[in-house]
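Chains, contacts and geometry: an overview
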Amino acid sequence: MTHVEDELTSQPECWTRASAAAAHHSDALPAAGERVAIVGCGTSYFMAQAVAALREGAGQGETDAFAASEFPRGRSYDRVVALTRSGTTTEVLDLLGRLKGGTRTTALTADPATPVMTAADEVVVLDFADERSVVQTRFATTALTLLRAHLGLHTDAVVADARTALSTPLPDGLVACTQFTFLGRGWTVGLANEAGLKMREASLAWTEAYPAMEYRHGPISITTHGTATWMLGEAPEGLAEQVRETGGLWVPGALDPLAELVRVQRLAVAVAAARGLDPDQPRHLTRSVILDRP
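Presented here is an overview of the structure given in this document. None of these values were measured; they are calculated from a predicted model. (Residues numbered from 1 in each chain as written. Predicted model: local features only at pLDDT ≥ 70, side-chain atom pairs only at ≥ 80, totals over all residues. Heavy atoms only, no water.)

So, the packing of helix α3 (residues 43–57) against helix α8 (residues 188–203)
For the record, the criterion: Axes, fitted as lines to C-alpha atoms, cover a helix only where it is in contact. Angles between the N-to-C directions of the axes lie from 0 to 180 degrees. Starting at the N terminus, helices and strands are each numbered in turn, a helix being any DSSP run of H or I of at least four residues and a strand any DSSP run of E of at least two. Convention used here: angles under 35 degrees read as roughly parallel, angles over 145 as roughly antiparallel, angles from 65 to 115 as roughly perpendicular, and any remaining angle as oblique. If you view the pair so one helix is near and one far, a crossing is left-handed when the near helix is turned anticlockwise from the far one by less than a right angle, and right-handed when it is turned clockwise. Working rule for contacts: check all heavy atoms of both residues, and any pair within 4.5 Å makes them a contact. Gly is put with the polar residues, along with every residue not named as nonpolar or charged; the nonpolar set is Ala, Val, Leu, Ile, Met, Phe, Trp, Tyr, Cys and Pro, and the charged set is Asp, Glu, Lys and Arg.
α8 packs onto α3 with a crossing angle of 160° between their chain directions and a minimal axis gap of 7 Å. By the angle between their axes, α3 is roughly antiparallel relative to α8. Once α3 is placed against α8, the crossing between them reads as left-handed. Contact residues: Thr 43, Phe 46, Met 47, Gln 49 and Ala 50 in α3; Gly 190, Leu 191, Asn 193, Glu 194, Leu 197 and Lys 198 in α8. Taken together, the residues of the contact of α3 with α8 break down into five nonpolar, four polar and two charged.

Focus: the side chain of Thr 114
Here is the rule: Categorising residues by exposure relies on relative accessible area from a 1.4 Å probe, with only protein chains included: less than 20% of the type maximum marks a residue as buried, more than 50% marks it as exposed, and the intermediate range marks it as partly exposed.
Of note, Thr 114 is situated in the loop between β4 (104–109) and α5 (116–119). A relative accessible area of 12% places Thr 114 in the buried class. Among all residues touching Thr 114, those that are not within four sequence positions of it are Ser 86, Gly 87, Thr 88 and Thr 109.

Some remarks on the pairing of strand β8 (residues 227–232)
Where we set the bar: Paired strands, in this sense, are two strands between which DSSP finds at least two bridges.
Summarising burial for β8: six of the six residues are buried, a large majority. Burial along β8 is two-sided: Thr 227, Thr 229 and Met 231 and Ala 228, Trp 230 and Leu 232, pointing in opposite directions, are all buried. As defined by bridge partners, strand β6 (residues 179–184) adjoins β8 across six bridges and the pair is classed as parallel. Bridging across to β8, Leu 183 finds its partner in Met 231. Relative to strand β9 (residues 249–251), β8 is paired through three bridges, and the arrangement is parallel.

A look at the pattern of salt bridges
Selection criterion: For this analysis, a salt bridge means a side-chain nitrogen from Lys or Arg found within 4 Å of a carboxyl oxygen belonging to Asp or Glu.
If you walk through the whole model with that rule in mind, you get 13 salt bridges. Note that Arg 148 is salt-bridged to Asp 256, the shortest N-O span being 2.8 Å. Separated by 108 residues along the polypeptide, Arg 148 in helix α6 (residues 138–150) and Asp 256 in the loop between β9 and α10 (257–274) bring together distant segments of the chain. Like Arg 148, the residue Asp 256 is buried in the burial classification. Close ionic contact of Glu 201 with Lys 198 constitutes a salt bridge, the shortest N to O distance being 2.9 Å. In this pair, Glu 201 and Lys 198 are both assigned in helix α8, three residues apart and thus about one turn of the helix distant. Summarising the burial analysis for this pair, Glu 201 and Lys 198 share the class buried. Among the charged side chains, a network of salt bridges with common partners joins Glu 34, Arg 79, Arg 104 and Glu 122.

Digging into the environment of Pro 72
Tracing the backbone through its elements, the reader meets Pro 72 in the loop between β2 (63–67) and β3 (79–84). As for Pro 72 and Ala 273, which are separated by 201 residues in sequence, their C-alpha atoms are 41 Å apart.

Concerning the sheet that holds strand β7 (residues 206–211)
Taken together, four strands build an open sheet; the order of strands is β7-β6-β8-β9 and the sheet is parallel. Because the sheet does not close on itself, it has two edges, and the strands there are β7 and β9. Shown here is a sheet whose adjacent strand axes are inclined to one another by a mean of 20°, direction ignored. Across the sheet, α8 touches β6, β7 and β8, and the angle it forms with β6 is around 160°. Together, β6, β8 and β9 form the strand contacts of α10, whose direction differs from that of β8 by roughly 155°.

Below you can see the structure in the form of structure tokens.
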């Protein structure tokens, strides 16, 4: 078993621990009414997109998501939340350094022995969800679960769906597809973006991700026999039928969208195996991007 496989199968237990810990960390997490920005890089950026949509949709306050390198200078927030598994990512540390003393910051990390512990004003450590793999799975979803529970949007049914996602077979013919498109709506647009990234990282697959209603505005033109379109969450009316008419494989989101992401993680590993690739050795990637500074 690869590190990625071992870590992705542990997610139900990690989510249970994270949801139970949410109340303990409430003072370090955004309060209702705060104007908040959530930042990250790569997978963490896509989790930030999901959390921002969840929080604003729940009426908790205006919430934006940015790649750490694209945070808008001069914009005012009550708090900035940084997601960083390694605690060493250059763009995140640079941003936290610029905000120090001016904007309240919170970091969610997996490693308590890294520079982010002093770079942020407050830190939530999810060390039980740390990973050996380069490709992120359980830390990202565990951080999202903690924040989802903080918003009152997590239930035990999510964990049950994750167990289902791990135990049921993938749809027939899916592994053999040559192209994969992932669709989301609202908070699941971030999950769709992460699904596409996971497939690219682990299996070098051709993937795309879009808001579901945008799929008809051009991207559906690539859908045909041998391609797959996977919906994370509830699909717009009529879209499944349109995809099937192209000859493409439609994969409905039957489970909680976060559990659907676990299914995608499994697919990434399965496609990697079918292509003779090692998902623990993704091409050109390292566990953390640390840039040299003059």
